[in-house]
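Survey of secondary and tertiary structure
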Amino acid sequence: MEDKKKYKILLCEDDTNLGMVLKNYLELNDYDVTLERDGRLGLAAFQREKYDICLLDVMMPNMDGFTLAEEIRDVDPDIPLFFLSAKTMKEDIIQGYKLGADDYITKPFDSEVLLLKIRAILKRNEEENKSNDNIEFDLGKYHFNPKLRELKNGDSTQTLSPKENELLKMLAEHKNDLLPRERALKKIWGSDTYFNGRSMDVYIAKLRKYLKDDTNIEIVNIHGNGFRLVAP
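Just so you know, these numbers come straight off a predicted model, no measurement behind them.

Cut-off values and rules
Residues numbered from 1 in each chain as written. Predicted model: local features only at pLDDT ≥ 70, side-chain atom pairs only at ≥ 80, totals over all residues. Heavy atoms only, no water. Pairing = 2+ DSSP bridges. Helix = DSSP H or I, 4+ residues; strand = E, 2+ residues; numbered from the N terminus. Axes fitted to C-alpha atoms, helices over the stretch in contact; angles between N-to-C directions. Domains from an automatic or database assignment. Contact = heavy atoms within 4.5 Å. Buried area = accessible area lost by both parts, 1.4 Å probe. Salt bridge = Lys/Arg side-chain N within 4 Å of Asp/Glu carboxyl O. Polar contact = N/O pair within 3.5 Å; in protein donor to acceptor, adjacent residues only side chain to side chain. Nonpolar A, V, L, I, M, F, W, Y, C, P; charged D, E, K, R; others polar. Core = buried A, V, L, I, M, F, W, Y, C linked by side-chain atoms within 4.5 Å. Buried < 20%, exposed > 50% of the residue type's maximum accessible area, 1.4 Å probe, protein only.

The strand order across the open sheet built from five strands is β2-β1-β3-β4-β5, with neighbouring strands paired in parallel fashion. The outermost strands of the open sheet, each flanked by one partner alone, are β2 (32–36) and β5 (103–106). Here the strands of the sheet are splayed against their neighbours by 20° on average, with no regard to which way each runs. Note: strand β3 (residues 53–57) against strand β4 (residues 81–85), four bridges, orientation parallel.

A separate point is the domain arrangement of the protein chain. Taken domain by domain, the protein chain comprises domain 1 (8–132) and domain 2 (135–230). Computed over C-alpha atoms only, the centres of domain 1 and domain 2 are separated by 31 Å. Taken residue by residue, the interface counts six residues in domain 1 and six residues in domain 2. Interface of domain 1 and domain 2: buried area, both sides summed, is about 670 Å²; carbon and sulfur atoms make up 47% of it. Our count for the contact surface shared by domain 1 and domain 2 stands at zero salt bridges. Remark: the boundary between domain 1 and domain 2 carries zero residue pairs in polar contact (both at pLDDT 80 or more). The set of elements that each furnish at least two residues to the side of domain 1 that touches domain 2 consists of α3 (65–75) and α5 (111–133). When its residues are assigned to classes, the side of domain 1 that touches domain 2 shows two nonpolar, three polar and one charged.

With that out of the way, let us pick up the nonpolar core. By size, the foremost hydrophobic cluster in this structure holds 26 residues, and its most contacted members are L139, L167 and L171. Those elements giving two or more residues to this core turn out to be β6 (137–139), β7 (142–145), α6 (162–173), α7 (181–189), α8 (194–210) and β12 (226–230). Ranked by residue count, the leading element in this core is α6, at five residues. Contacts of L167, omitting those with residues within four sequence positions, involve L179, A184, I188, W189, M200, Y203, I204 and L207.

Before going further, it helps to spend a moment on the pairing of strand β11 (residues 218–222). The pairing of β11 with β12 spans five bridges and is antiparallel. Looking at the pairing, E218 lines up with V230 of β12. Hairpin connection between β11 and β12: a loop of three residues separates the two successive antiparallel strands, and G224 in this loop has a positive phi of roughly 80°.

We now examine the sheet that holds strand β8 (residues 150–153). Pairing in this open sheet of four strands is antiparallel, and the strands run β6-β7-β8-β9 from one edge to the other. The sheet is open, and its two borders are formed by β6 and β9 (156–159), each paired with just one other strand. Neighbour to neighbour, the strand axes of the sheet diverge by 20° on average, direction disregarded. In terms of strand pairing, β6 meets β7 through three bridges, oriented antiparallel. Bridge assignment links F137 to a residue of β7, and that residue is F144. Strand contacts of α6: β6, β7, β8 and β9, with the helix running at about 80° to β6, the strand carrying the most contacts.

This is the structure we're talking about:
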């Protein structure tokens, strides 16, 4: 029998009792849960590991849930976010959705309802990711297949390394538009340190070399902001 994927959840909740009850309940339902009790620790956990969904309390010490959500969105604009909050004011709920929340759940809430919402959003995300995995790109003379990590030009095929593949995929998804440097660094390298930045510059140089046979294609450095893949 095929092993079922165990989804990873980042749960940030400063109420010790509620946090442990939720963690235990979600683990009983076969999720892998990391519990942190303030926003700063939540951000550190998010930077260390890859998660499938984040459940964020709004009122937390050191960094509130809204600020944490902004930091998380800078790294991964697509990860599902749920706010768990005692704040029921319309303005707070609107702010949560403006930050890109998939749901805003007010306390007290039914754990079973939360579980059903989590299952629904993860199922939707998995279906979207499957369709995204099958996307291929035509870049001038080149055909790029991210799933196979292949960049083809006529009969010539360049097999890309995982980082080269992910970087070219992000550039292709932002074709003729800006790919923010920080977003690429955090998604592929895990953080936007100086040394990771230098490493990314080396990978950009490699991709330019792979694409040099088509003079209509260019990877432009937008100083201080990121890169733009210019392609017909």
